[in-house]
Amino acid sequence: MNSAAVSSDDFLGKALPSKSPLCLYLFIADTYMHQFTLMDKQSSPERSAKDKNDLSSMELQLLPPGVLQDILSRLSIKEILRMTVLSREWRRKGICHPDLVFTEGTFFCSNTTMNTHRASRNAEFITEVDNVLRPLWSTPTTTTTMLDKFVVRFSLGRKYKNHIDRWISFSTASKAKHIALDLRPEPAWFAPGYGKYIVPLCNLSGPNCSCVKSLDLGYVCLKLPRSFNGITNLKKLTLHMVSISVNDLRCLLLSCALLESLNIESLLSPRRSSLESLCIRQELRRLQYLLMHRCDLHMIDLNAPNLIKFEFDDYMNKVVLRGSLKLSEATFASYRRYLTVVHDALDCVLNELPTALVQRLFLQLALETSVRSSSKTQTSFINLTYLNINLHISGYPPDISWVMGFVNLLELSPFLEELELHMHPHGYIQTDPRIMAAVQGRPLRHLRSVYMTGFCSLLGVAELALYILGNATVLERMVVDSVVRMSYGHTTDQLYSVCRANEFVPPSPEDQEMFGMNRAREYAKEHLGREEFSRILTIL
Amino acid sequence: MAAAPSGSRTRMVTLISKGGRNFKMPEAVALVSSRSCREALDYIEYRGNNTMMIKLLDIDPKPVSMLVNFCNHMAAAATSAASDDAAQRMREWEERFLGDDVDQALLYDLLSAAISIQADGLIDLVCKRVAHMIKGKTPQEIRTILGIQDDLTPDQRDEIRTDNSWIDI
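> Please give an account of the packing of helix α8 (residues 118–133) of chain A against helix α9 (residues 161–173) of chain A that cites residues and values.
All names here are of chain A. The contact between α8 and α9 brings their axes to 11 Å, and the two run at 30 degrees. The angle between the axes of α8 and α9 places the two elements in the roughly parallel class. In the packing of α8 onto α9, the handedness of the crossing is left-handed. Side by side, α8 and α9 meet where F125, I126, V129, D130 and L133 of the first sit next to H163, R166, W167 and F170 of the second. Classifying every residue of the contact of α8 with α9 gives six nonpolar, one polar and two charged.

> Provide a residue-level description of the confidence of the model for chain A, including the pertinent values.
Per-residue confidence for chain A gives a mean pLDDT of 78, with 78% of residues at or over 70. Ignoring residues within four places in sequence, the model shows residues 1–56 of chain A, a span with pLDDT below 50, making 65 contacts including any to other chains.

> Requested: an account of the nonpolar core, with residues and values cited.
If you look at the biggest cluster of nonpolar residues, it comprises 129 residues, and the most contacted ones within it are F150, W167, M452, F455, I468 and M478 of chain A. Residue contributions to this core peak at eight residues, all from helix α13 (residues 461–471) of chain A. With near-sequence residues (within four places) excluded, W167 of chain A lies in contact with F125, I126, V129, D130, L133, F150, V152 and L156 of chain A. Counting 59 residues, the second largest nonpolar core, distinct from the first, contains L15, I59, L122 and A131 of chain B.

> Could you give an account of the packing of aromatic side chains, naming the residues involved and the relevant values?
Per the stated rule, a full pass over the model turns up 12 aromatic pairs over all chains. Centroid distance F362 of chain A to Y386 of chain A: 5.4 Å. Interplanar angle 50 degrees. Geometry classified as tilted. A residue pair is termed long-range when its members are at least 10 positions apart, and F362 of chain A in strand β15 (residues 360–368) and Y386 of chain A in strand β16 (residues 386–394) qualify at 24 residues. Neither residue differs from the other here; F362 of chain A and Y386 of chain A are each classed as buried. Seen in terms of ring centroids, F70 of chain B and F97 of chain B are 5.5 Å apart; in terms of plane orientation they differ by 45 degrees. Their pairing is tilted. Placement of the pair is F70 of chain B in helix α3 (residues 61–79) and F97 of chain B in helix α4 (residues 84–97), with a sequence separation of 27 residues. In terms of burial, F70 of chain B and F97 of chain B fall into one category: buried. Feature note: the residues F102, F150 and F170 of chain A constitute an aromatic cluster, connected by ring pairs.

> Could you give an account of the sheet that holds strand β11 (residues 299–303) of chain A, naming the residues involved and the relevant values?
All names here are of chain A. Spatially, the three strands line up as an open sheet ordered β9-β11-β13, and their pairing is parallel. The sheet is open, and its two borders are formed by β9 (277–283) and β13 (318–322), each paired with just one other strand. Between one strand axis and the next, the sheet turns through 5 degrees on average, direction left out of account. Of the strand pairs in this sheet, β11 and β13 are connected by five bridges, and their pairing is parallel. Opposite I300, over in β13, you have V319 as the bridge partner.

Quick notes on the rules
Residues numbered from 1 in each chain as written. Chains lettered and ligands numbered in written order. Predicted model: local features only at pLDDT ≥ 70, side-chain atom pairs only at ≥ 80, totals over all residues. Heavy atoms only, no water. Axes fitted to C-alpha atoms, helices over the stretch in contact; angles between N-to-C directions. Helix = DSSP H or I, 4+ residues; strand = E, 2+ residues; numbered from the N terminus. Parallel < 35°, antiparallel > 145°, perpendicular 65-115°, else oblique. Left-handed = near helix turned anticlockwise from the far one by under 90°. Contact = heavy atoms within 4.5 Å. Nonpolar A, V, L, I, M, F, W, Y, C, P; charged D, E, K, R; others polar. pLDDT = per-residue confidence, 0-100. Core = buried A, V, L, I, M, F, W, Y, C linked by side-chain atoms within 4.5 Å. Buried < 20%, exposed > 50% of the residue type's maximum accessible area, 1.4 Å probe, protein only. Phe/Tyr/Trp six-rings, centres within 6.5 Å; stacked < 30°, edge-to-face > 60°. Pairing = 2+ DSSP bridges.

If you want it as structure tokens, here you go:
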């Protein structure tokens, strides 16, 4: 919206003198720069003359760019392409859908056969994108188009460097706020023959690119030029399978001073001989969301005083967050430990958490229950109100000591209000004939709501449920579901929680029978279905 | 409908259309509907009981009166409770508002008026209507609707035919 010509003076009734130079400038500006402000009263004689002859005319091209964008954003890319062929004026105007998204689905929907030859499919994609963009280039380096989003999601390598370079230049010239270049190969193991595309960072930084607010890069190579000034207004950065040296990553984070959200997945560092550390002593003042998954680093050490949400896993050996006193939500996933037998697994995890001040905690763990464990953690989680554990359980426990770690955790979280324990037992669960051992503990004075899924007859599970039922003095509701709702996968975006239940597909009734979930339901009813719990307990 | 305070204390905002016709709306309504009014009123230190007058001398009386009508209706709807029923009634009212008697010239003038005082609600509604008019039409049909002359050069036609062959010019 061009509000430059609208001032409060106008509202108070001071009319512009009819032949002032300002009006003349606005009139010329209208013709050559396609900017039109409706407070310009000089153009009205022209318009009303036209009106008298042609009542059905609607000079859409004279509207302020913001309003035209509004109309165009409601049309599809193809419909807008149709509008570019209406007349010379329309072609020259270079209008475009404000969100340009190019994926496999954009061009290869109905009319293409499964073109197995990758190279020709790539060439076709590139040609189609170029066909859409070519009319919008008024000169090789400038365009009048204004974009909100420019997204390319297709597997391409360094071979197509020239084309991709041009696309990036186009998107920055069009003042796109969100640029995504996701070149991840499909399937994930396939590597393009010529190597990864190297992003020309110099084209993304500098004064011309002050509009870029969000950058999403996948399967590319980032090399910082010597005089890199940062991407000034970048607020959100996402890197998937990006090759970048740790030092370059450090410089990148320090130079983008307004960065609020950082999401790094599968960080691949060129130097794999030794695992490096990402240590940034300077404050990252604006950083609020930090997600690091599968980053092969020895350690990260960051100073982010305004960090609100942190997601990480055990690919990193050590995590140090300095001064993150506002951290309210943390998610930790354990992948590597799944393969090794680790004593006191829960302890290790809890000690690794960079701060005990979180309010909401999500954990994805794998436990080997046949190893006797003891819990020694003493740190209290005094702010914890919500706890969600996705637990892969394997092994045959000799006793219920594996459960004591969780009992300990509950007792160290005195203000816990909601607990979700989702279990995925691996292996055949035999109903244990041993007598139920009671678990003693201290009262849990704030626990209101408990949800357990994947309830099974493994020794310890029912004991844990009884412990909660017996010690949670203000418990309002406990739901026990014997169906395994967790997914088999080990990535944190697959962490199950009750509010995201509709994103997960439950096992079929046949699978439920085969994996003993129906038997587990009977077991739950038998051992937990006591009269005293009937008001709060629901067995699904 | 929010009850306007009685007596001469109600501050009004007046839009003046072509031909000097005045259309008034209460200041509260203008503050809700028009971004420009909000910003302008921020700057004004003292007005006493003066009406703020906005000159839209460019625009015919009919679109301006429709604009004021829209603003009043939106402000009233905003105060009543939100419900599916209310949303349905709003949609029906909007359809009647931009009914069959609103031709394109009037639509465009209405859009101009809304843009002048940055009445986002009405801009949104008209844009929706214009997009709806363009959707699914061939280029020739769009040219008829918008009254555009087809003045493409033969070179440009060839270019389009090769680049984007699926468009029938």
